[in-house]
Amino acid sequence: MLKYNLDGTLIGSGGLEAADLEKLATPLTSVREEVLADADLWAAGGDVPEAKQPLDAGFHLLPNRLLDELASEGDDSELARLQATADQMTELVDRVVVLGIGGSYMGARALLEACCHPYYNQVAPTLRNGRPEIFFEGNNVDNDAVQGLLDLLAGESGDWGIVVISKSGGTLETAAAFRIFLRELEQSVGEGDLGKYVVPVTGSSGKLFDLATALGCKELFPVPDGVGGRFSVLSAVGLLPAAIMGLDIEALLHGAAEMNEHFATAPFDKNLVLQYVAAAHAMEIKHGADIRILSTWGKRLEAVGLWYDQLLAESIGKQEQGAMPLTIVNTRDLHSRGQQHQEGKRDKYITNLIVEEGTREPLAIGESDHNQDQLNELASKTLPEVLSAAIAGTNKAYRDDNRATADLVLPKLDEQHLGQLLQMLMLATVVEGRLLGINPYGQPGVEAYKKNMNAILRS
């Protein structure tokens, strides 16, 4: 299970006292019951009070439902179909283009960067277990980037396919990209075979559903009702790309289900979700720390941080409230943002996202006959030891200046623990929204730009 350490936050001046957290025990325990009741209400299909609408609480129990369905239905379950389709795509193509924007691609990208080879697309196929290369598009309208990817696809031998993800099919960035890439794919494989090379993930009706039907797509997977885009990583939206990458999607869901159980049963002082929300909220109330820094230690968790940036910003950035999330990667960003975090405004709260045990064997600095760099005295030290020293040294520097930090620790960077982390952060976001009196679902501010953009283009 994940671990959460608040020693760097409970520092008195500049940080919190234990009493600051204890004040939130009763309100947050009450909010937990509300969030659990919302999940049950959604699962039961009950009437949603107007004050709760929209109520996209379907993400909460989704991991449990998918695992239960797998146990009862076997090969006919959605999870088994996802895995079978991913395996078929692997046999059929060398490359897959995932088209989607926001939550329709950010979760899949986070899974790729966290759990796959750091140079997944560049290494020999044997180092990614023969799985296809993965590319992400449809998340912008960058003409040069799109054409650059088309150049790459045309310049390599072998076939490629498309996974297109959009609940309605009406999001312009993804829809435009799909039309362009579909045209290029048709020239490559022919119109008659298009349905084999395209897998849509969409709603049960809408523009993309109709288009997929017209194309004769062999498989089509649902974006579940009641699951908003930024909460959809553990649905087919994230699970299909993950399975194509060769990740263990059952382990992802088991990790999320474990976090659901922990959230529902652990007391306040041991509950990772509630403690996480309590510390961040108390820092904002007591010290005005309304910039949330997620400090990822190592490159592989940056995309997880960017996924979380969207989750937090779109969920609680409403009614002129909500902290601003910001992801950094250390030690890289100690040489850019580190100065501001150490001596800038005291409006930031830093959570370190740390992995205890790496995937590969530790790499030592090693002895050298060329000791102009004077590193021979550190020859026996490994890169993980250097990273640990950097974390400890940075935390000490912040603490010496009364700047609060917390440590969120993954024992390993694997599918199970990543499932725990993703579910924890989704639950924490909903809990904080309810604590603030903000509906964490829906994103009315995003809809404004879409409306204006379409009006300008069609005028």
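To start, this report covers the structure provided alongside it.

What counts and how
Residues numbered from 1 in each chain as written. Predicted model: local features only at pLDDT ≥ 70, side-chain atom pairs only at ≥ 80, totals over all residues. Heavy atoms only, no water. Helix = DSSP H or I, 4+ residues; strand = E, 2+ residues; numbered from the N terminus. Buried < 20%, exposed > 50% of the residue type's maximum accessible area, 1.4 Å probe, protein only. Expected span 1.5 Å × (residues − 1). Polar contact = N/O pair within 3.5 Å; in protein donor to acceptor, adjacent residues only side chain to side chain. Core = buried A, V, L, I, M, F, W, Y, C linked by side-chain atoms within 4.5 Å. Contact = heavy atoms within 4.5 Å. Lys, Arg positive; Asp, Glu negative; His and termini not counted. Salt bridge = Lys/Arg side-chain N within 4 Å of Asp/Glu carboxyl O.

Quick notes on unusual backbone geometry
With glycine set apart, most residues show a phi of negative sign, and most peptide bonds adopt trans.
Then comes step 1: Across the junction of Q53 and P54, the peptide omega takes the value -5°, indicating a cis bond.
Then comes step 2: Of the consecutive residues N330 and T331, the connecting peptide bond is found in the cis state with omega at 15°.
Then comes step 3: Its place among the elements puts T331 in the loop between β8 (324-330) and α14 (338-343).
Then comes step 4: Its identity is not glycine, yet E320 carries a phi of approximately 60°, on the positive side.
Then comes step 5: As for its position among the elements, E320 is in the loop between α13 (302-316) and β8.
Then comes step 6: Judged by relative accessible area, which is 86%, E320 ranks as exposed.
Then comes step 7: Even without being glycine, Q374 reaches a positive phi, approximately 55°.

Concerning helix α12 (residues 272-287)
Then comes step 1: Helix length check: α12 (16 residues) gives 22 Å between terminal C-alpha atoms against 22 Å at 1.5 Å per residue, within 8%.
Then comes step 2: Every buried residue of α12 is listed here: L272, V273, L274, Q275, Y276, V277, A278, A279, A280, H281, A282 and M283.
Then comes step 3: Residue N271 occupies the N-cap position of α12, its side-chain oxygen lying 3.2 Å from the main-chain nitrogen of V273.
Then comes step 4: Downstream of α12 by one or two residues, G288 has phi in the positive range, about 70°.

Thoughts on the nonpolar core
Then comes step 1: Ranked by internal contacts, the top residues of the largest apolar core, which has 126 residues, are F181, W307, Y349 and L418.
Then comes step 2: Excluding residues within four positions of it along the chain, W307 makes contact with M106, G107, A110, R230, V233, L422, L425 and M426.
Then comes step 3: Counting 6 residues, the second largest nonpolar core, distinct from the first, contains I291, I293, L326 and I350.

Examining the side chain of E173
Then comes step 1: With respect to the element layout, E173 can be found in helix α7 (residues 172-189).
Then comes step 2: This buried residue, E173, is left without a salt bridge; K450 holds the nearest opposite charge, at 6.5 Å.
Then comes step 3: Separated by 2.5 Å, the side chains of E173 and Y449 make a polar contact.
Then comes step 4: Once residues lying within four places of it in the same chain are set aside, the contact partners of E173 are I101, G138, N140, V141, Y449 and M453.

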